[in-house]
Each structure stands twice: as C-alpha cells, then as structure tokens.
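# Structural overview
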Amino acid sequence: MSALVLSARRLRQLDAMGVIPYRLRSRDRVPARDTTAAASTVAVPAARVGVRVAVICEQAAGATAPIIAAALGVDGSVLHWQVPKDGRLPELDQDAAAFLVLGTHLARVLGAELPTTAQQAATIVVTTAPPEWRGNALAKRLLWQALRPLRRHLRE
C-alpha cells in the first residue's frame, strides 16, 4: 500500500475514535498568511447535504461561528444562529437535524419551544456559553467532548 492510502486509513481510524489530528507548526515551512490553506488540507468528511444545525446562543454568530463550524467539520452556512428574545425563540427552525445550545440556561428555553416529536427526532447538545470558554481549560474540554458526538451524527 502506498503512504497516501495508509494516511487516509489512519485519518479514518482516528476520526472513528474521536481523535482530532493536529500538525505541529514550524516557522520556516508555513507562512502565517497560509495557515488557513494548510488547515484545509486535512481531510475532513463533509456533512450530509441539506443538514441544518440550529445554534441557540445569547449572542449573534460573530467570532464563535468559525470555531463551532471548524469543530463540527461543516461549512458555516449549515449553522443557523438563533438568539432568544424575552425568553422565547421566535425564529426556531423545528426541522433542523441537530440543536446546539450554547449555555445551559438556554436548554429550558429550547425545551419549551420545541415540540416533543422534534425533540425525539433531533440530536440536542447542551454545552457551556462562549464567555465561559475564555481562560477556562475545563470548559473548553467539555465543549469539545460535547461536540464530538454531534460531529459524528452530522457525518452519518
């Protein structure tokens, strides 16, 4: 077998185990402006066509959107950000395949708005809010652990 086949096989095995492969940075090989191109060379299986993920968060997408999209291995257009107003979700996408709730207090808001049949059919992941990620390694670790099953679900 060639080295390319082995590396693809190895990536699939690591992905099945939930291990995210990282590459060490070096100053002389990859210039700073090409880091996005270098990151995009890692093979990540695409999500199913037509899948939508509703992200419930107290703030608009902003800087959090690319982080979540990269962690899930999906395009940013798959994520539909929904901000609650007065304790309700006026633009709730009930047909979404998955719901990502960023903030444990928002889980109750989603549960009140989403019909029971939609709750049973969808994958719902509740994790900490983005302000808690700053400077808190445990919150970041819990975020990545919560996103791992959702990432697998999106690829099925």
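This report concerns the structure included in the present document. Numbering of residues starts from 1 in every chain and runs along the sequence as written. Side-chain atom pairs in this predicted model are given and counted only at pLDDT of 80 or more, local residue features only at pLDDT of at least 70, and totals for whole chains, interfaces and linings cover all residues. Remark: hydrogens and water are excluded; side-chain values derive from all non-hydrogen atoms of the structure.

### A word on the pattern of salt bridges
Each salt bridge in this description consists of a side-chain nitrogen of Lys or Arg and a carboxyl oxygen of Asp or Glu lying within 4 Å of one another. Within this structure, the stated rule accounts for 1 salt bridge. For E113, the salt bridge is made with R88, and the minimal N-O distance between the two is 3.5 Å. Taken together, the residues E113 in helix 4 (residues 106-113) and R88 in the loop between strand 2 (79-82) and strand 3 (98-102) connect sequence positions 25 residues apart. Looking at R88, the relative accessible area reads 52%, which means it is exposed. Under the DSSP-based scheme used, a helix requires at least four consecutive residues in state H or I and a strand at least two consecutive residues in state E, with every element numbered from the N terminus. The buried label goes to any residue with under 20% of its type's maximum accessible area, the exposed label to any with over 50%, and the partly exposed label to all in between, with areas taken from a 1.4 Å probe on protein chains only.

### Some thoughts on the nonpolar core
Soluble globular proteins tend to pack their nonpolar side chains together in the buried interior. One finds I68, L79 and L100 to be the most contacted residues of the largest nonpolar core, which totals 24 residues. Counting residues per element, the ones that place at least two in this core are strand 1 (53-56), helix 3 (64-72), strand 2, strand 3 and helix 7 (137-155). With 6 residues, the top contributor of residues to this core is helix 7. Note on definitions: a residue-residue contact is assigned when non-hydrogen atoms from the two residues lie within 4.5 Å. Setting aside residues up to four positions removed in sequence, L100 forms contacts with V53, A54, V55, I56, I68, V125, T127, L147 and L150. Counting residues in each nonpolar core, the second largest holds 13 residues, with L92, L110, L114 and A122 among its members. Residues enter a nonpolar core if they are buried and are Ala, Val, Leu, Ile, Met, Phe, Trp, Tyr or Cys, with the set joined through side-chain atoms within 4.5 Å.

### Some thoughts on the side chain of T127
Tracing the backbone through its elements, the reader meets T127 in strand 4 (residues 123-127). On the basis of relative accessibility, which here comes to 4%, the residue T127 falls in the buried class. Not counting residues up to four positions away in its chain, the partners in contact with T127 are L100, V101, L102, G103, T104, L142, L143 and A146.

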